[in-house]
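One letter stands for each residue in the lines below.
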Amino acid sequence: MRFRIVTLPAAITGGIVLAASVFSAPALSQQLLGQAEWQQNYDSAQRNQTTRANTPTLSPDAVTATEQAIIQYSTIVNQGGWGQVSKERLRLGSRGPAVEALRQRLVASGDLDASAVHGDIFDSYVEAGLRRAQSRYGLSTTGVLNAGTVAALNVPADIRLRQLEVNLVRLRSYSGNIGNKYVIVNIPAAVVETVSNNRVVTRHAAGVGKVDRQSPIFNSKVTEINFNPFWTVPASIIRKDLIPKMRKDPTYLTDNKIRIFNQQGEELQPSQVDWNTYEATRYRFRQDPGADLNSMGFVRINIPNQYGVYMHDTPAKGIFGDDFRFVSSGCVRLQNVRDYITFLLEDTPGWDRNQIQAAIDSGDRIDAPISNPVPVYWTYITAWATPDGQVQFRSDIYNRDGLGLGGQIAALEASDSEASEY
């Protein structure tokens, strides 16, 4: 692979700090950077697939499991925690003192059996232990010690303990009756879960907001599905992305089927706009429908909220194969979105899987109101556990834990760029 509307208290969410704009630049920001992920088939993201518990991240069972994980990590801290691993690139067949240090670190966190603590050869046992650790941190299970894995492993045990304690408060805030059927968007994990009767039905890799264009935390309900939608470019994207792109490539709008309209609704040609100024911010930019190019792909999922964000498909499927999926301007892009909208529409008459596909294939703008709007929770959970004993950690992408874990982000980006080597 290249690899609500009730807002939670700031003390629980870690503070909601929004960028100047939280509107979405769905796939456009990828295109503006010259990327072409839509040419790769990452919708299934096979390399990222690991065996996961079907316990929802937001559930009483997760709260209980996280309380147990805090006891476990308190013991690790009281026993001296764990040491640091080398930044040296290690993989199957490597040998030396760095491998022994890696063995000790994996044993300390329970990812390698204590009987394998000694030895300077990176064997299949070490590889399997490293894959388990990578899964714990939401990383691609390559079995290779890369920059992102080093950064995750080298967070001290006492910081991980505090991370669990901070997030236990957040988890408890959701432990009441949040419904029998709902959706969880866990922003730092860049993952969406659909839940029914306290079990995960589907789990989707997601693209969420960049550090400077953060996805907000809120509760709402999914009310409507728009098939084959237009995309209206938000003002922030016009200024930050579209104008600079047009200065470099005057054919960009035409190539990407983006039209310009003035305040009277009259269409303008790109040549009629002075791209050396910010004149363009006075106009409306709309991208034609079309799943192969439109930044929302073939579907938009409407969620009434004060931030103007929503969920949608994307032609840029390559992001779902990356560990670093903080790529949008606040909205959430979904992997395997057909499964997601099937879940949302299953109680709405006239919308089975075949009818959903027919709406997509038609190419026409079709709106499907949801009979029973589904609750959706956009959350910020960076540490939790499940009843089977799995303890999970994610990078504090927006620095809301207050534990100084933001430094892992650059390492994650570096790992994505080098993962194709393995």
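Everything that follows concerns the structure shown earlier in this document.
Described below are features of the structure shown in this document. (Residues numbered from 1 in each chain as written. Predicted model: local features only at pLDDT ≥ 70, side-chain atom pairs only at ≥ 80, totals over all residues. Heavy atoms only, no water.)

Quick word on the packing of helix H10 (residues 337–345) against helix H11 (residues 353–362)
Helix packing geometry: the angle between the two helix axes and the distance between the axes. For clarity, the cut-off: For every element, the axis is a line fit to its C-alpha atoms; helices are fit only across the contacting stretch, and the angle between N-to-C directions ranges from 0 to 180 degrees. Runs of H or I in DSSP of at least four residues are treated as helices and runs of E of at least two as strands, each being numbered from the N terminus. Roughly parallel means an angle under 35 degrees; roughly antiparallel, over 145; roughly perpendicular, 65 to 115; everything else is oblique. By definition, turning the near helix anticlockwise from the far helix through less than a right angle yields a left-handed crossing, and turning it clockwise yields a right-handed one. Whether two residues touch is decided by their heavy atoms; if any such pair falls within 4.5 Å, the residues are in contact. All residues other than Ala, Val, Leu, Ile, Met, Phe, Trp, Tyr, Cys, Pro, Asp, Glu, Lys and Arg, Gly among them, are scored as polar; the first ten of these are nonpolar and the last four charged.
Axis separation between H10 and H11 bottoms out at 10 Å; the angle between their running directions is 125°. As summarised for this structure, H10 and H11 are arranged oblique, according to the angle between their axes. Between H10 and H11 lies a crossing whose hand is right-handed. Residues Arg-338, Asp-339, Ile-341, Thr-342 and Leu-345 of H10 pack against Arg-353, Ile-356, Gln-357 and Ile-360 of H11. The class makeup of the residues in the contact of H10 with H11 is four nonpolar, two polar and three charged.

Some thoughts on the sheet that holds strand E7 (residues 267–268)
Counted only if it meets this: Should DSSP find at least two bridges between two strands, the strands are regarded as paired.
Read from one edge to the other, the open sheet built from four strands follows the order E5-E8-E6-E7, with strand pairing classed as antiparallel. Either end of the sheet is taken by a strand with one partner, and the two such strands are strand E5 (231–232) and E7.

Here's the deal with the nonpolar core
Note on soluble globular proteins: their nonpolar side chains tend to be buried together. To keep things clear, this is the line we draw: What makes a nonpolar core is a set of buried Ala, Val, Leu, Ile, Met, Phe, Trp, Tyr and Cys residues whose side-chain atoms join them at distances within 4.5 Å. Here the term buried applies to any residue with accessible area under 20% of the maximum for its type, exposed to any over 50%, and partly exposed to those in between, with areas from a 1.4 Å probe on protein chains only.
Counting 105 residues, the largest nonpolar core has Phe-227, Phe-285, Ile-301 and Met-311 as its most contacted members. Setting aside residues no more than four positions away along its own chain, Phe-285 makes contact with Trp-231, Thr-232, Val-233, Ile-238, Leu-242, Leu-253, Ile-258, Arg-259, Ile-260, Trp-275 and Ala-280.

A word on unusual backbone geometry
At Asn-228, a position not held by glycine, the phi torsion is positive, near 50°. Structurally, Asn-228 is set in the loop between strand E4 (218–227) and E5. Judged by relative accessible area, which is 5%, Asn-228 ranks as buried. Phi at Asn-399 is positive, roughly 55°, even though this residue is not glycine. Mapping Asn-399 onto the fold places it in the loop between strand E15 (391–393) and helix H12 (408–418).

Purely geometric stuff here, so don't read any function into it on its own.
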